[in-house]
Amino acid sequence: MVKPCWRIGAGMERSKINPTKVDGLTWYKDLGLHTFGEFSMAMIQANSVMEDQCQIESGPLTFNNPTVQGTFVGVYDGHGGPEASRFIADNIFPKLKKFASEGREISEQVISKAFAETDKDFLKTVTKQWPTNPQMASVGSCCLAGVICNGLVYIANTGDSRAVLGRSERGGVRAVQLSVEHNANLESARQELWSLHPNDPTILVMKHRLWRVKGVIQVTRSIGDAYLKRAEFNREPLLPKFRLPEHFTKPILSADPSVTITRLSPQDEFIILASDGLWEHLSNQEAVDIVHNSPRQGIARRLLKAALKEAAKKREMRYSDLTEIHPGVRRHFHDDITVIVVYLNPHPVKTNSWASPLSIRGGYPMHSTS
Amino acid sequence: MAFVRSLLGAKKILSRSTGAGSAAPKGFLAVYVGESQKKRYLVPVSYLNQPSFQALLSKSEEEFGFDHPMGGLTIPCPEDTFINVTSRLQ
């Protein structure tokens, strides 16, 4: 019943230039070069359809100012289906370049506008498909984007993926979290929702021992999830489990990213960007220690394996047995996981890399069960 | 760790053990079964491919999502149902 349907990267031409590999449910690129250093990527599928997507783009960040060079990294953790995370992977970087071209530079506003327009356009798609495919209204995605440019790292986050910086210290490395997360199980996210919806006593409901927005979803901000943004989508024929009993006028979820800007110092060794599937098994410090103490080649896959070993331990089984479990039922053991490690060099690695921009996309249809 | 033979008596496919939190032997995983009190069983990993066992897991998804409260897979059905389903699996 498991149909392999391999389509790696965004196209064959691209994957010839930047070969990426697949091993069972794992997709990876063990080591590559971006404008400011090396990087490593790995993903593993647990859902019957892979809902995570990721990308790395390195080179010019505008269409009209060749001096604005940098690296863009995106981790998109979809839910309810793969459509929203795929939409983000197709659209957010071109939008970022478009807005960056207007002011001929990267800024917090440029990144936020790229998020807003990606969400707006996805909701347009939902509107278009509503008559034939109403379930698109319940598809959404977290969106974590990092931009490294001009000695700064911008981390923009909508949802609960996470970016962690590894900063070297006497004899070791310290984890510095760069992303702000939006999950109802964080006090800060709950306070934000309660203050935005003071007259709604059921804005947050505890269900299955976890806080959920309106009792249905853990993330408090996202791209997509049209059914929680516009009441026109919160009606039949949407599945009953997504339909809210009462009408709403104000969007319940927002797509606004929380943006942090950090000036890089020579002590800053690397950044790990990963979906929550990794962080539910590894702490920030555990993850940066692994990266600091291991070879760069294949570091993303090493982090993935460390997380899966923890998952196996929690489920009281051997790691070797966990690796044999098929997508779908596998979701009971761990989530889809995406991890990207970006090593930092204070200066661009080599000027000739500017001539050949890098573009790698991960997570496009891997396995699908029918 | 006390192994018991399956109802069919053919193979040691089902076993109960008290060693909560300990790793299962190769090829097996822990399952916590019961409505209020949970009993720990060890079942072959191959059960995960069986539709009838997956149906039990769907029940637990309805109740817990994917966050199994005992750590190991937690199936909130009556023990009889669990034994009934698993005794039919080879």
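It should be emphasised that the depicted structure is a prediction, and the values quoted were computed from it without experimental measurement. (Residues numbered from 1 in each chain as written. Chains lettered and ligands numbered in written order. Predicted model: local features only at pLDDT ≥ 70, side-chain atom pairs only at ≥ 80, totals over all residues. Heavy atoms only, no water.)

1. A short note on the overall build of chain B
- On a plain count of helices and strands, chain B comes out with 2 helices and 4 strands.
- When the helices and strands of chain B are placed in sequence order, the string is β-β-β-α-β-α.
- For chain B, buried positions account for 43% of its 90 residues.
- If you take every contact in chain B between residues at least 6 apart in sequence, the share linking residues at least 24 apart comes to 47%.
- As displayed, chain B offers around 4600 Å² of accessible surface, 52% of which is attributable to carbon and sulfur atoms. (Helix = DSSP H or I, 4+ residues; strand = E, 2+ residues; numbered from the N terminus. Buried < 20%, exposed > 50% of the residue type's maximum accessible area, 1.4 Å probe, protein only. Contact = heavy atoms within 4.5 Å. Areas by Shrake-Rupley, 256 points an atom, 1.4 Å probe, with all protein chains shown as cover.)

2. Some thoughts on the confidence of the model for chain A
- Confidence in the prediction of chain A, expressed as mean pLDDT, is 91, and 90% of residues score 70 or more.
- Long-range and interchain partners of residues 1-16 of chain A, a stretch whose pLDDT sits below 50, account for 29 contacts in this model, where long-range means more than four residues apart. (pLDDT = per-residue confidence, 0-100.)

3. Considerations on the pattern of salt bridges
All names here are of chain A.
- Inspection of the entire model under this criterion finds 22 salt bridges over all chains.
- Between aspartate 90 and arginine 361 there is a salt bridge, with its nearest N and O atoms 2.8 Å apart. Of this pair, aspartate 90 sits in helix H2 (residues 83-103) while arginine 361 sits in strand S17 (residues 358-362), placing them 271 residues apart in sequence.
- When its relative accessible area of 8% is taken as the criterion, arginine 361 is described as buried. (Salt bridge = Lys/Arg side-chain N within 4 Å of Asp/Glu carboxyl O.)

4. As for helix H1 (residues 51-64) of chain B
Residue and element names in this part refer to chain B.
- With 14 residues, H1 extends 19 Å between its outermost C-alpha atoms, agreeing within 8% with the 20 Å of an ideal straight helix rising 1.5 Å per residue.
- Residues of H1 that are buried: Phe53, Leu56, Leu57, Ser60 and Phe64. End-on view of H1: buried residues confined to an arc of 95°, all on one side of the axis. Exposed positions of H1 whose direction lies more than 90 degrees from the buried face are Pro51, Lys59 and Glu62.
- In the stretch just after H1, glycine 65 is the one whose phi turns positive, near 70°. (Expected span 1.5 Å × (residues − 1). Arc of directions from axis to C-beta.)

5. Description of the confidence of the model for chain B
- For chain B, the average pLDDT comes to 80, and 74% of its residues sit at 70 or higher.
- Here the predicted complex carries an ipTM of 0.85, next to a pTM of 0.91.

6. Quick word on the UniProt feature "binding site: Mn(2+) 1" in chain A
Residue and element names in this part refer to chain A.
- In this structure's numbering, the residues bearing the UniProt feature "binding site: Mn(2+) 1" are Asp77 and Gly78.
- Residue position: aspartate 77 is located in strand S6 (residues 69-79).
- Overall, the relative accessible area of 7% leaves aspartate 77 in the buried class.
- Beyond its immediate sequence surroundings of up to four residues, aspartate 77 is in contact with Glu51, Asp52, Ser141, Cys142, Ser161, Ser275 and Asp276.
- Tracing the backbone shows glycine 78 in strand S6.
- Using a relative accessible area of 5% as the deciding quantity, one classes glycine 78 as buried. (UniProt positions renumbered as here; feature names shortened; annotations may be inferred.)

7. Quick look at the sheet that holds strand S2 (residues 21-23) of chain A
Residue and element names in this part refer to chain A.
- Pairing is antiparallel in the open sheet, where 7 strands are placed in the order S2-S3-S4-S16-S15-S9-S10. The open sheet has two edge strands, S2 and strand S10 (172-177), and neither has a second partner. Across the sheet, the mean angle from the axis of one strand to that of its neighbour is 20°, orientation sign disregarded.
- Taken strand by strand, helix H6 (residues 284-292) contacts strand S9 (162-169), S10, strand S15 (268-274) and strand S16 (337-343), and its axis lies near 135° from that of S10. (Pairing = 2+ DSSP bridges. Axes fitted to C-alpha atoms, helices over the stretch in contact; angles between N-to-C directions.)

8. Observations concerning H2 of chain A
All names here are of chain A.
- When the terminal C-alpha atoms of H2 are compared, their 31 Å separation across 21 residues agrees well with the 30 Å that a helix rising 1.5 Å per residue should span.
- Of all the bends in H2, the largest measures some 35° and sits at asparagine 91, one to four residues before the proline proline 94.
- Looking one or two residues past H2, arginine 104 carries a phi angle of roughly 55°, positive in sign. (Bend = angle between axes of the 7 residues up to and from the residue.)

9. Overview of the side chain of aspartate 268 of chain A
Residues and elements named next belong to chain A.
- Summarising the element assignment, aspartate 268 is placed in strand S15.
- In terms of polar contacts, aspartate 268 uses its side chain to reach the side chain of arginine 167, at 2.6 Å.
- Setting aside residues up to four positions removed in sequence, aspartate 268 forms contacts with Leu165, Gly166, Arg167, Arg263 and Leu344. (Polar contact = N/O pair within 3.5 Å; in protein donor to acceptor, adjacent residues only side chain to side chain.)

10. A closer look at the interface of chain A and chain B
- Counting from both sides, the interface comprises 16 residues of chain A and, opposite them, 32 residues of chain B.
- Taking both partners together, chain A and chain B bury about 1900 Å²; carbon and sulfur atoms supply 52% of that area.
- Looking at the side of chain A facing chain B, the largest losses of area belong to Arg315, Glu316 and His332 of chain A, adding up to 37% of the total buried there.
- For the pair chain A and chain B, the number of links is 3 salt bridges.
- Summed over the shared surface of chain A and chain B, the result is 12 residue pairs in polar contact (both at pLDDT 80 or more). (Buried area = accessible area lost by both parts, 1.4 Å probe.)

11. So, the packing of H2 of chain A against helix H3 (residues 108-129) of chain A
Residue and element names in this part refer to chain A.
- It is at 8 Å that the axes of H2 and H3 come closest, and there the two elements cross at 135°. Our classification of the angle between H2 and H3 gives oblique. The handedness of the crossing between H2 and H3 is right-handed. Between H2 and H3, the residues in contact are Glu83, Ala84, Phe87, Ile88, Ile92, Lys95, Leu96, Lys98, Phe99, Ala100 and Glu102 and Val110, Ile111, Lys113, Ala114, Phe115, Glu117, Thr118, Asp121, Phe122 and Thr125, respectively.
- Across the contact of H2 with H3, the residue classes tally to 12 nonpolar, 2 polar and 7 charged. (Parallel < 35°, antiparallel > 145°, perpendicular 65-115°, else oblique. Left-handed = near helix turned anticlockwise from the far one by under 90°. Nonpolar A, V, L, I, M, F, W, Y, C, P; charged D, E, K, R; others polar.)

12. Section: the UniProt feature "binding site: Mn(2+) 2" in chain A
Residues and elements named next belong to chain A.
- Under the feature "binding site: Mn(2+) 2", the UniProt entry names Asp77, Asp276 and Asp335. These annotated residues cover 259 residues of sequence, and their C-alpha atoms all fall within 9.9 Å of one another, placing them together at a single site.
- If near-sequence neighbours (up to four positions away) are discounted, aspartate 335 is found in contact with Ile44, Ala46, Asn47, Asp276, Gly277 and Glu280.
- Looking at aspartate 335, its side chain comes within polar contact range of the side chain of arginine 331, at 3.3 Å.

13. Section: the packing of aromatic side chains
- On inspection of all chains with the given rule, the structure shows 8 aromatic pairs over all chains.
- For the pair tryptophan 194 of chain A and tryptophan 211 of chain A, a centre-to-centre distance of 5.7 Å together with 90° between the ring planes defines the contact as edge-to-face. One end of the pair, tryptophan 194 of chain A, is in helix H4 (residues 187-196); the other, tryptophan 211 of chain A, is in strand S12 (residues 210-213), with 17 residues separating them in the sequence.
- Consider the rings of tyrosine 41 of chain B and phenylalanine 82 of chain B, whose centres lie 5.0 Å apart with planes at 55°: the pair is tilted. Within this pair, whereas tyrosine 41 of chain B is found in strand S3 (residues 39-44), its partner phenylalanine 82 of chain B is found in helix H2 (residues 79-87), the two being separated by 41 residues in sequence.
- Owing to a relative accessible area of 4%, tyrosine 41 of chain B belongs among the buried residues under this scheme. (Phe/Tyr/Trp six-rings, centres within 6.5 Å; stacked < 30°, edge-to-face > 60°.)

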